[in-house]
Amino acid sequence: MSFAGRVAIVTGGAGYIGSTTAKRLAVDGAAVIVSDVNGELAQSVAEEIVADGGEASAIETDVRSTESIEAMVAWTIGQHGQIDILVTVAGGSARERASTVHGSSEGVIRQVIEINLLGAIFCCRAVVGHMIERGAGKIVNVASIVALQGSAGHADYAAAKAGVIAFSKTLAMEVAPGGINVNCVSPGLVPRPGTRVDHIPGTNYLGRIASAESVSSVVSFLASDEADFIVGQNYVVDGGRSLGLKGSR
Ligand SMILES: NC(=O)c1ccc[n+]([C@@H]2O[C@H](COP(=O)([O-])OP(=O)(O)OC[C@H]3O[C@@H](n4cnc5c(N)ncnc54)[C@H](O)[C@@H]3O)[C@@H](O)[C@H]2O)c1
C-alpha cells in the first residue's frame, strides 16, 4: 500500500493491535497520529516509528470524552492540515471482569459500551465532516467476532462490538456519496505477547495463532485506494474460528 502524503489517526494506538497498525500504516508511508488514553505509551510507540524512519506523533486521548476526541481531531488538522484515515482500535473486553449479565455492575457495563461503541461513534462523528469537505476518507473500525457469535461473560462487550458493525454499515451508507469508505475488521482471538496461547491453535481452522499483523494488514488494505469500492463491510480475521465447531456435524 502507498500512503505517502496521507495522514492517519489510530485510536488505541498504544495497544497491541493499535501499535502494530500504527507501525504498519507508517511503513506504508502515512504520517500517523498515535492516539491513546495512555499518553506515555502512545509517545513511545510514536518514537519507535520515528526511529524506524517513519513519521508519527502521539496524542493522549480518552475516547470516553467528546471534548478529548474533538481536541485530537483539531490538533491533527492544525498540525497536518488534513485527516485521510481514521482507525478506531481503542477498546477491549475487560476480560478480567468477565461476568454474567446479572452479575455485572452498571458501572462496568456502561464503561465497556462507552469505550467500545460510543468511542468509535464519536471518533467517526468528529472526522466525517472534515472528510466530506475534502471529498475523501477511509474509516476502519475494529469490532470482534464476539459481535457475531456472542461471548458468555462479555455480553456488554459483544453488544458494543455488534453496535460498531451496525453503526459502521449505517455510517457507510451516509458518507459513501461523499467519497468516504467506512468498513470494519473483526478479529478472532489475537493473544498479546506473554499471554497463554497453547489452547488457541485448536480453536481455528488454520491451527495456529493470530498475530496483530494478521489484523493490521487487513486494516491497511481497507484504508488504501485498493479498497475504494468496499463500503460498509465487516472483514472477519479469525482463521475460520467463527465458521463453526471443528469436527462437529
Ligand atoms: N486481542 C484480541 O483478541 C481482540 C479480538 C477481537 C477484537 N479486539 C479488539 O481490538 C482492539 C485492540 O485490542 P488489543 O488486544 O490490542 O488490546 P490492548 O489492550 O492491547 O489495546 C487497547 C488500547 O486501547 C486503549 N484504550 C482503552 N481505553 C481507552 C480510552 N478510553 N480512550 C483511548 N484509548 C483507550 C488502551 O490504553 C490500549 O492501548 C480492541 O478494540 C479490542 O476490543 C481484540
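Worth saying up front: this structure is predicted, and the values here are computed from it rather than measured. (Residues numbered from 1 in each chain as written. Predicted model: local features only at pLDDT ≥ 70, side-chain atom pairs only at ≥ 80, totals over all residues. Heavy atoms only, no water.)

### Thoughts on helix H2 (residues 39-51)
Put simply, the rule is: Secondary structure elements follow DSSP: runs of H or I of four or more residues count as helices, runs of E of two or more count as strands, with numbering from the N terminus. An expected span of 1.5 Å times one less than the residue number is assigned to each helix. In this scheme, a residue with accessible area under 20% of its type's maximum is buried, one over 50% is exposed, and one in between is partly exposed, where area comes from a 1.4 Å probe on protein chains only. The arc refers to the directions leading from the helix axis to the C-beta atoms. By definition in these notes, contact holds between two residues if any of their heavy atoms fall within 4.5 Å.
For H2, spanning 13 residues, the distance from its first C-alpha to its last is 18 Å, which sits close to the expected 18 Å at 1.5 Å a residue. Listed as buried for H2 are Gly39, Ala42, Val45, Ala46 and Ile49. One side of H2 holds all its buried residues, which, seen down the axis, span an arc of 120°. For H2, the exposed residues lying more than 90 degrees away from the buried face are Glu40 and Ala51. Buried positions along H2 lie against helix H1 (16-27), strand S2 (31-36) and strand S3 (55-60). Within two residues after H2, Gly53 carries a phi angle of roughly 95°, on the positive side.

### Regarding the site of the ligand
Rules: Whether a residue is near a molecule or strand depends on its heavy atoms: if one lies within 4 Å, it is near. Polar contacts, as counted here, are pairs of nitrogen or oxygen atoms within 3.5 Å of one another; within protein the pair requires one atom able to donate a hydrogen and one able to accept it, and residues that are adjacent in sequence qualify only if both atoms are side-chain atoms. Note that accessible areas follow from Shrake-Rupley with a 1.4 Å probe, and for residues the cover is restricted to the protein chains shown. In the scheme used here, Gly and all other residues not listed as nonpolar or charged are polar, with Ala, Val, Leu, Ile, Met, Phe, Trp, Tyr, Cys and Pro taken as nonpolar and Asp, Glu, Lys and Arg as charged.
Near the ligand lie 28 residues; those nearest to it are Ile17, Asp36, Val89, Tyr157 and Val190. At 3.0 Å, a backbone N or O of Gly15 approaches an oxygen atom of the ligand. A distance of 2.9 Å is found between a nitrogen atom of the ligand and a backbone nitrogen or oxygen belonging to Val63. Its free accessible area being 820 Å², the ligand has 88% of it covered by the protein chains. For the shell around the ligand, the elements supplying multiple residues, two or more each, are H1, helix H4 (106-134) and helix H6 (155-175). Its residues assigned to classes, the shell around the ligand shows 14 nonpolar, eight polar and six charged.

### Comments concerning the nonpolar core
This is how it is decided: Joining through side-chain atoms within 4.5 Å is the link that ties buried Ala, Val, Leu, Ile, Met, Phe, Trp, Tyr and Cys residues into a set, and such a set is a nonpolar core.
The biggest cluster of nonpolar side chains holds 33 residues, and the ones touching the most others in it are Leu25, Val32, Val34, Val87 and Val185. Of all the secondary structure elements, the ones that give two or more residues to this core are strand S1 (7-11), H1, S2, H2, S3, strand S4 (85-88), strand S5 (137-142) and helix H7 (212-222). The element that contributes the greatest number of residues to this core is H7, accounting for five residues. If sequence neighbours within four positions are ignored, Val34 has contacts with Val10, Gly13, Ala14, Ala22, Ala42, Val45, Ala46, Ile49, Ser57, Ala58 and Ile59.

### Comments concerning the packing of H1 against H7
As a reminder, the rule being used: Where helices are involved, their axes are fitted lines through C-alpha atoms of the stretch in contact, as for all axes, and angles between N-to-C directions lie from 0 to 180°. Orientation categories follow fixed angle ranges, with anything under 35 degrees roughly parallel, anything over 145 roughly antiparallel, 65 to 115 roughly perpendicular, and all other angles oblique. Each crossing is labelled by how the near helix is turned from the far one, with a counterclockwise turn of less than a right angle marking it left-handed and a clockwise turn marking it right-handed.
Where H1 contacts H7, the two axes come as close as 9 Å, and the packing angle between them is 50°. Between H1 and H7, the angle is such that the two are oblique. Every pair of crossing elements has a handedness; the one defined by H1 and H7 is right-handed. Between H1 and H7, the contacting residues are Tyr16, Ile17, Thr20, Thr21, Arg24 and Leu25 on the first element and Ala212, Glu213, Val215, Ser216, Ser217, Val219 and Ser220 on the second. Of the residues in the contact of H1 with H7, the class split is six nonpolar, five polar and two charged.

### Overview of the confidence of the model for the protein
We apply this condition: Every residue carries a pLDDT, the predictor's confidence in it, which falls somewhere between 0 and 100.
The predicted model of the protein has a mean per-residue pLDDT of 95, with 98% of residues at 70 or higher. Looking across the protein, the model is least confident in helix H5 (residues 146-149), with a mean pLDDT of 95, and most confident in S4, with 99.

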